[in-house]
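Summary of the model geometry
Chain by chain, the residues run as shown.
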Amino acid sequence: MGVKIAGLGKAVPQMVLSNEKLSERVDTSDEWIRSRTGIENRCIAVTETTEQLATSAALEAISAAGIEAHNIELVIVATVSPDTTMPSTACLVARNIGADRATCFDITAACSGFVFASEVAISMMNQGGYQNALVIGAEVLSKMLDWEDRGTCVLFADGAGAVLYTKSEENQILAIETGSNPKGADQITLPAGVGNHTFYQVEERKQTIQMSGRDVYVFATTKVPESIRKVLEKAQLTPEEIAVYILHQANSRIMDNVAQKLGVPKEHFFKNLSHYGNTSAASIPMALYDAKALLKSGDKIILSGFGAGLTWGTMLLEW
Ligand code: COA
């Protein structure tokens, strides 16, 4: 028995914020953002919440899979922007979709969160007991941004993507590897929303994402090719044998650099970040959803995430 993907779902907020519109408020320009990152638009929540986006994506994945919510035994949400720390977003989604038998919890591994959550779900499924597992990446990062910090606020955005994994005789998940380098813990940070009131003092802390962009760039362009090569070695494949690379949609230049380091044409790297920006844990399942029309049966696909922690994770799939 193995594990395969039975359904995919995606949800984004209604409001689209273009680079032009953003530069009316922030000291930046369409030209700068586009040339440095590849981002043109992003979706920003006005009324939508992480719970709602995660639920919409989940409902679409379940419907695509043709599975009753009652038969889902595991719901894991990867997020760094939950509406509540407790209950977990996974519990709220399970309640909303009627997954009344599911074990539910959230995972925090930032932009690697979807791969980490998938590894946990697949391990639990392979150990037995779980036939169907829903893994969701969902973020409303626009609430966590300092809109005066042009080094971060032009990058991050909101959305959700969901994957319904099911146990099957055919195995689609060929290899996974994840890792962390806590020495880089200070390179991207986001303080927890509450909990800064001690018995003796109230600490003033900036409750927004802070990032050392250049360090993160160097980390991503070094670690991601290494992680991909490790996974390919496990499966005895070469970079040329991969039909589509779906990387965390942080920056077009990072993807082009990784393509160059692997010696494959950059056209093999799927990109949708021009529409959505960096949606952290949601970006890989959202990109997989958008890429699915291009995928052919038997294609080998790499999914690779990287981000705060520092963390990274790569999965090899056979479509
Ligand atoms: N608009 C206009 N100018 C901007 C700007 C913006 N949004 N952000 C920064 N700048 C300016 C800086 O102030 C600086 O100006 P100066 O030279 O006059 O001081 C100049 O652009 C260069 O800044 P720098 O931060 O060195 O830019 P960069 O070329 O490193 O690009 C990033 C910045 C963030 C695009 C780049 O570092 C990056 O992509 N890093 C990876 C970040 C990432 O992907 N994080 C998420 C991972 S999960």
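Small disclaimer: the values here were computed from a predicted structure and weren't measured.

**Things to note about helix H2 (residues 30-37)**
Burial in H2 covers these residues: Asp30, Ile33 and Thr37. Burial along H2 is one-sided: seen end-on, the buried residues are contained in an arc of 85°. Positive phi shows up at Gly38, right after H2, with a value of about 90°.

**Notes on the UniProt feature "domain: Beta-ketoacyl-[acyl-carrier-protein] synthase III N-terminal" (unreviewed entry) in the protein chain**
UniProt annotation of "domain: Beta-ketoacyl-[acyl-carrier-protein] synthase III N-terminal" (unreviewed entry) refers to residues 105-181 when read in the numbering used here. Between the C-alpha atoms that bound residues 105-181 the distance is 24 Å, and the span itself is 25% helix and 40% strand.

**A short note on the site of the ligand**
In the neighbourhood of the ligand, 20 residues make up the surrounding shell, with Thr28, Arg150, Gly213, Arg214 and Asn251 lying closest. Between the ligand and Gly213 there is a distance of 2.9 Å, counted from a nitrogen atom to a backbone nitrogen or oxygen. Contacts to the ligand include Arg214, whose side-chain N or O atom sits 2.7 Å from an oxygen atom. Compared with its free state, where it exposes 950 Å², the ligand has 73% of that area covered by protein. At a threshold of 2 Å from the grid points, most atoms of the ligand map onto the second largest pocket. Taken together, the elements giving at least two residues each to the shell around the ligand come down to H2, helix H7 (213-234) and strand S12 (300-307). Among the elements that make up the shell around the ligand, the one with the highest residue count is H7 (4 residues). Among the residues forming the shell around the ligand, the class breakdown is 9 nonpolar, 7 polar and 4 charged.

**Focus: the pairing of strand S5 (residues 103-107)**
Two strands pair when backbone bridges link them, and strand S4 (residues 74-78) and S5 are joined in this way by 5 bridges, in the parallel orientation. In the sheet register, Val77 faces S5, and the bridge partner there is Asp106.

**Some remarks on the pattern of salt bridges**
Scanning the model with the defined rule gives 11 salt bridges in all. Note that Asp30 is salt-bridged to Arg34, the shortest N-O span being 3.1 Å. On the criterion of helical spacing, the pair formed by Asp30 and Arg34 is a turn pair, its members being 4 residues apart in helix H2. For Asp30, a relative accessible area of 17% gives the class buried.

**Section: the packing of helix H3 (residues 50-65) against helix H4 (residues 89-97)**
To describe two helices that pack against each other, one gives the angle between their axes and the distance between the axes. Contact geometry for H3 and H4: axes closest at 9 Å, N-to-C directions at 55°. Considering the angle they form, H3 stands oblique to H4. The two elements H3 and H4 meet at a crossing, and its hand is right-handed. Along the contact surface, H3 presents Thr50, Glu51, Ala54, Thr55, Ala58, Leu59 and Ile62, while H4 presents Thr89, Leu92, Val93, Arg95, Asn96 and Ile97.

**Here's the deal with the packing of aromatic side chains**
Using the criterion set out here, one finds 2 aromatic pairs in the structure. Measuring from ring centre to ring centre gives 6.1 Å for Phe219 and Trp312, while their planes differ by 55°; the resulting arrangement is tilted. With Phe219 in helix H7 and Trp312 in strand S13 (residues 311-318), the pair connects residues that are 93 residues apart, well separated along the chain. The pair Phe219 / Trp312 is uniform in exposure class, with both members buried.

**Some remarks on the pairing of S13**
Counting buried positions along S13 gives 7 out of 8 residues, so the element sits mostly inside the fold. Of the pairings in the sheet, the one linking strand S8 (residues 173-180) to S13 comprises 7 bridges and is antiparallel in character. The partner of Ile173 across the bridge, within S13, is Leu317. Of the pairings in the sheet, the one linking S12 to S13 comprises 8 bridges and is antiparallel in character. Along S13, the bridge assignment pairs Leu303 with Met315. Counting the residues that bridge the hairpin from S12 to S13 gives 3 residues, and of these Gly309 lies at a positive phi of roughly 140°.

**Details of the layout of surface pockets**
Here the largest pocket defines a volume of roughly 660 Å³. Lining the largest pocket are 27 residues, and of these Val80, Pro82, Thr108, Leu190 and Pro191 lie nearest its centre. Its residues assigned to classes, the lining of the largest pocket shows 15 nonpolar, 10 polar and 2 charged. Volume-wise, the second largest pocket comes out at about 560 Å³. Lining the second largest pocket are 26 residues, and of these Leu155, Met211, Gly213, Arg214 and Asn251 sit closest to its centre. Broken down by secondary-structure element, the contributors of at least two residues to the lining of the second largest pocket are H2, helix H6 (150-153), strand S10 (210-211), H7, helix H8 (252-262) and S12. It is H7 that provides the largest number of residues to the lining of the second largest pocket, a total of 4 residues. A breakdown of the residues in the lining of the second largest pocket according to their chemical character gives 12 nonpolar, 9 polar and 5 charged.

About the criteria used
- Residues numbered from 1 in each chain as written.
- Predicted model: local features only at pLDDT ≥ 70, side-chain atom pairs only at ≥ 80, totals over all residues.
- Heavy atoms only, no water.
- Buried < 20%, exposed > 50% of the residue type's maximum accessible area, 1.4 Å probe, protein only.
- Helix = DSSP H or I, 4+ residues; strand = E, 2+ residues; numbered from the N terminus.
- Arc of directions from axis to C-beta.
- UniProt positions renumbered as here; feature names shortened; annotations may be inferred.
- Near = heavy atom within 4 Å.
- Polar contact = N/O pair within 3.5 Å; in protein donor to acceptor, adjacent residues only side chain to side chain.
- Areas by Shrake-Rupley, 256 points an atom, 1.4 Å probe, with all protein chains shown as cover.
- 1 Å grid on protein atoms, 1.4 Å probe; cavity = no way out; pocket = protein on both sides within 12 Å on 5 of 7 lines; lining within 4 Å.
- Sits in = over half its atoms within 2 Å of the grid points.
- Nonpolar A, V, L, I, M, F, W, Y, C, P; charged D, E, K, R; others polar.
- Pairing = 2+ DSSP bridges.
- Salt bridge = Lys/Arg side-chain N within 4 Å of Asp/Glu carboxyl O.
- Axes fitted to C-alpha atoms, helices over the stretch in contact; angles between N-to-C directions.
- Parallel < 35°, antiparallel > 145°, perpendicular 65-115°, else oblique.
- Left-handed = near helix turned anticlockwise from the far one by under 90°.
- Contact = heavy atoms within 4.5 Å.
- Phe/Tyr/Trp six-rings, centres within 6.5 Å; stacked < 30°, edge-to-face > 60°.
- Points joined across faces, edges and corners; volume = space filled by probe spheres on them.

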